[in-house]
Amino acid sequence: MARAGASVVLAVLILACALGARADGSDHKYKEGDHVPLYANKVGPFHNPSETYRYYDLPFCAPEHPKDKREALGEVLNGDRLVDAPYELNFKEDKNSKILCKKTLTKEEVAKLRDAVAKDYYFQMYYDDLPLWGFLGKMDKDREQGDAKYLLFKHIHFDIMYNGNHVIEINVQTDPNVAVDITEDKEVPIEFSYSVTWKKTDIPFEKRMEKYSKSSSMPQHLEIHWFSIINSCVTVLLLTGFLATILMRVLKNDFIKYSHEDESLEDQEESGWKYIHGDVFRFPKQKSLFAAIIGSGTQLLALAIFIFLLALVGVFYPYNRGALFTALVVIYALTSGIAGYTATSFYLQLEGTNWVRNLIFTGCLFCGPLFLTFCFLNTVAIAYSATAALPFGTIVVIILIWALVTSPLLVLGGIAGKNSNTEFQAPCRTTKYPREIPQLPWYRSTIPQMAMAGFLPFSAIYIELYYIFASIWGHKIYTIYSILFIVFIILIIVTAFVTVALTYFQLAVEDHEWWWRSVLCGGSTGIFIFFYCIYYYHARSDMSGFMQTSFFFGYMTCVCYGFFLMLGTVGFRASLFFVRHIYRSIKCE
């Protein structure tokens, strides 16, 4: 118990330090001539966000002894590898065409840079924690001859804005007219240079990051976002209105009919959902797997809610390097106790006997596939020498978090669930032998019902998905978390209502095996999201190559699987509440 408590405190401290501390611990105040930290981060193909490499993997000008910046867990998970850059951008010091270095590129280096230019490589740096980007070169195509000319930019101009003793904004410009031809495989002498211009601005230091969020909050984007919200809200209102009207009318008629059956029992025979009252609370097959799904789904739902709370209070501001990844790792570890408690408690309610095995199953249900996917993708990243490959030390840290926080809290939650002594509250007694389910038409089978259940929730979030994907798998910035949270709430509500409706229609035709069906129908939205991933990759993105493709589909499959578990849990909980309510409202002999 003490060990688990210490683990919780440790994890909270890690999260607070990682999310609240400045990237370099400085106060960002400088005097004229002071050195302002500039770090080169990474380079990579513009259309492949996961395929990034260390800055000095390409033959750029490098300091005599480049030093790597010490990075937090989230920064490493994000693929950031910051190292000292050779440019001297001292505070309020203008420079005009200062030579960075002179070098002669070998044939191999020319071929490497030409390949980078052909793939639209960009570089990213951080100046006083402000991000900046630029392209390495450009490719000119001769329309008449059809030949391509590869040009490498050799001069960079920095436009820096300041207010008082603070750096406010930085922009980078590359001059296509000052470039060197690297089309042919031959040694090329080159002189890299840069210039700096400082300008005063009235923008306060507290608002210097706002420019990075403007792209996602511009009027045309906000209009589309709000259209998405209104569309989803109308869908929800119509859906819930229709379902509530139909269910209330049908249930009212059912209650009236069943209340009169006691008086005229000899004249009419039981039919419909009351007929199967002795089977509707018969526990499902594969109890351990079922309870593990409910436990893992509850944990993922709690994780999503906590992440949204952090986002709404402004923790994930643009380019707060690695904050989201750190939060995901630490909060997932802290919420493992919820999974342990929920799964064990529910498993024992289902009269399960081996709760320890069920607890291990719960711990591996989501982490297992995620770990296997990570091992494969990390191996691919190592083969490509990409920055997405995690260093050994980071892997050790993640394993320690799992061993010292996740596992103890999971066990602690399981013990608490075992000692809760809660019983499954069934309003009706279950008969000894199950009734035979009547033969039903094909459209009442599992797969068509899953298709119906997943389509409506997916249609409510479809428009917003594009912006999320463009942010995660592109270079757009997403900052309107309030809208995203509303869409998430809508997704939960629609999933619950659709699953309840399908559960009622299933019981009405005397099919009492609704337990697994409610999970599958609720979670089917995750399958729709996966099909959208395929569509987005082929129709909306320019991603290519084995590494980027494997990263996209590998991690998105895990995300869709997480949505399946989370929404499947929502569907089952809503259906269980509904089924208990309707059977509690009638007399069951």
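Look up a bit, the structure's there.
As the structure is a computational prediction, the values presented were derived from the model and not from experiment. (Residues numbered from 1 in each chain as written. Predicted model: local features only at pLDDT ≥ 70, side-chain atom pairs only at ≥ 80, totals over all residues. Heavy atoms only, no water.)

Trainee: Honestly, the overall build of the protein chain in this entry has me stumped. Any pointers?
Mentor: Check the secondary structure of the protein chain and you find 14 helices and 12 strands. For the protein chain, buried positions account for 49% of its 589 residues. Long-range contacts, defined here as pairs at least 24 residues apart, represent 79% of the contacts in the protein chain between residues at least 6 apart. Counting only carbon and sulfur atoms, one obtains 60% of the accessible surface of the protein chain, whose full area is about 28900 Å². (Helix = DSSP H or I, 4+ residues; strand = E, 2+ residues; numbered from the N terminus. Buried < 20%, exposed > 50% of the residue type's maximum accessible area, 1.4 Å probe, protein only. Contact = heavy atoms within 4.5 Å. Areas by Shrake-Rupley, 256 points an atom, 1.4 Å probe, with all protein chains shown as cover.)

Trainee: Help me understand the sheet that holds strand β10 (residues 166-174) in this model?
Mentor: Backbone hydrogen bonds hold the strands of a sheet together, and the pairing may be parallel or antiparallel. Read from one edge of the open sheet, 4 strands run β4-β12-β9-β10, paired in mixed fashion. The outermost strands of the open sheet, each flanked by one partner alone, are β4 (95-105) and β10. Each neighbouring strand pair of the sheet contributes to a mean axis angle of 20°, computed without reference to strand direction. Taken together, the 8 bridges between strand β9 (residues 155-163) and β10 define a ladder with antiparallel strand orientation. Bridging from a neighbouring strand, asparagine 163 pairs with histidine 166 of β10. Strand contacts of helix α3 (residues 107-118): β4 and β12 (188-200), with the helix running at about 120° to β4, the strand carrying the most contacts. (Pairing = 2+ DSSP bridges. Axes fitted to C-alpha atoms, helices over the stretch in contact; angles between N-to-C directions.)

Trainee: Please explain the packing of aromatic side chains as it appears in this structure.
Mentor: Geometrically, a pair of aromatic rings is defined through the distance of the ring centres and the angle of the planes. Under the definition given, this model contains 52 aromatic pairs. Geometrically, the ring pair formed by tyrosine 332 and phenylalanine 366 is tilted, given 6.1 Å between the ring centres and 50° between the ring planes. Residue tyrosine 332 is found in helix α7 (residues 323-334), and its partner phenylalanine 366 is found in helix α9 (residues 355-384); the two are separated by 34 residues along the sequence. A residue is classified by how much of its surface remains accessible, and tyrosine 332, at 15% relative accessible area, is buried. For phenylalanine 366, a relative accessible area of 12% gives the class buried. Sitting above the plane of the tyrosine 39 ring, lysine 69 keeps its charged end 5.9 Å from the centroid. Over the aromatic face of tyrosine 275 sits the side chain of arginine 435, whose NZ or CZ is 4.5 Å from the ring centroid. (Phe/Tyr/Trp six-rings, centres within 6.5 Å; stacked < 30°, edge-to-face > 60°. Lys NZ or Arg CZ within 6 Å of the ring centre and 35° of its normal.)

Trainee: How should the pattern of salt bridges be read in this particular structure?
Mentor: Close approach of charged atoms lets side chains of opposite charge pair. Inspection of the entire model under this criterion finds 13 salt bridges. With its nearest N and O atoms 3.7 Å apart, the salt bridge here joins glutamate 88 to lysine 95. Assessed through its relative accessible area of 13%, lysine 95 is described here as buried. One network of salt bridges, in which partners are shared, links Glu88, Lys95 and Lys98. (Salt bridge = Lys/Arg side-chain N within 4 Å of Asp/Glu carboxyl O.)

Trainee: Sorry if this is basic, but what is going on with the state of the cysteines here?
Mentor: Think of a disulfide as a covalent bridge from one cysteine sulfur atom to another cysteine sulfur atom. The full count for this structure, using the stated rule, is 1 disulfide. Each sulfur of the disulfide joining cysteine 61 and cysteine 101 lies 1.7 Å from the other. Judged by the torsion about the S-S bond (-65°), the cysteine 61/cysteine 101 disulfide is left-handed. Of this pair, cysteine 61 sits in the loop between β2 (53-54) and α2 (73-77) while cysteine 101 sits in strand β4, and the two are 40 residues apart along the sequence. Of the two residues examined, cysteine 61 and cysteine 101, each falls in the buried class. The closest cysteine sulfur to the non-disulfide-bonded cysteine 560 is located on cysteine 533, 4.1 Å from its own sulfur. (Disulfide = S-S within 2.5 Å.)

Trainee: How should I be thinking about the packing of helix α11 (residues 446-472) against helix α13 (residues 515-540) in this particular structure?
Mentor: Relative placement of two packed helices is described by the angle separating their axes and the distance separating the axes. Axis separation between α11 and α13 bottoms out at 7 Å; the angle between their running directions is 45°. If you check the angle between α11 and α13, you find them oblique. In this structure, α11 crosses over α13, and the sense of that crossing is right-handed. (Parallel < 35°, antiparallel > 145°, perpendicular 65-115°, else oblique. Left-handed = near helix turned anticlockwise from the far one by under 90°.)

Trainee: Where do I start with the side chain of glutamine 349 in this structure?
Mentor: By the element assignment, glutamine 349 lies in helix α8 (residues 336-349). Classification of glutamine 349 by relative accessible area gives buried; the value is 15%. Of the polar contacts made by the side chain of glutamine 349, one reaches the side chain of threonine 422; its length is 3.1 Å. Once residues within four sequence positions are removed from consideration, glutamine 349 is found in contact with Phe283, Thr422, Glu423 and Phe424. (Polar contact = N/O pair within 3.5 Å; in protein donor to acceptor, adjacent residues only side chain to side chain.)

Trainee: Is there a simple way to explain the pairing of strand β5 (residues 121-127) in this structure?
Mentor: On a regular strand, each side chain points to the face opposite its neighbour's, so the side chains alternate between the two faces of the sheet. The buried fraction of β5 is high, at 7 of 7 residues. Of the two faces of β5, the one holding Tyr121, Phe123, Met125 and Tyr127 and the one holding Tyr122, Gln124 and Tyr126 are both buried throughout. Here strand β1 (residues 38-45) runs beside β5; their pairing, made up of 7 bridges, is antiparallel. Opposite tyrosine 39, over in β5, you have tyrosine 126 as the bridge partner. Two strands pair when backbone bridges link them, and β5 and strand β6 (residues 130-135) are joined in this way by 6 bridges, in the antiparallel orientation. Counted as the bridge partner of tyrosine 126 is proline 131 from β6. What sits between β5 and β6 in their antiparallel hairpin is a turn of 2 residues, with aspartate 128 showing a positive phi close to 55°.

Trainee: How should I be thinking about the environment of glutamate 436 in this particular structure?
Mentor: Here glutamate 436 lies in the loop between α10 (392-419) and α11. Accessibility expressed as a relative area gives 77% for glutamate 436, which makes it exposed. Once the C-alpha coordinates of glutamate 436 and aspartate 511 are considered, the two residues, 75 residues apart in sequence, prove to be 8.7 Å apart.

Trainee: In this structure, what is going on with α11? I would like to understand it.
Mentor: Residue pairs three or four apart in sequence face the same way in an α-helix, which turns once every 3.6 residues. Here α11 spans only 33 Å end to end across 27 residues, well under the 39 Å set by a 1.5 Å rise per residue. At tyrosine 462, α11 shows its maximal bend, which comes to roughly 55°. (Expected span 1.5 Å × (residues − 1). Bend = angle between axes of the 7 residues up to and from the residue.)

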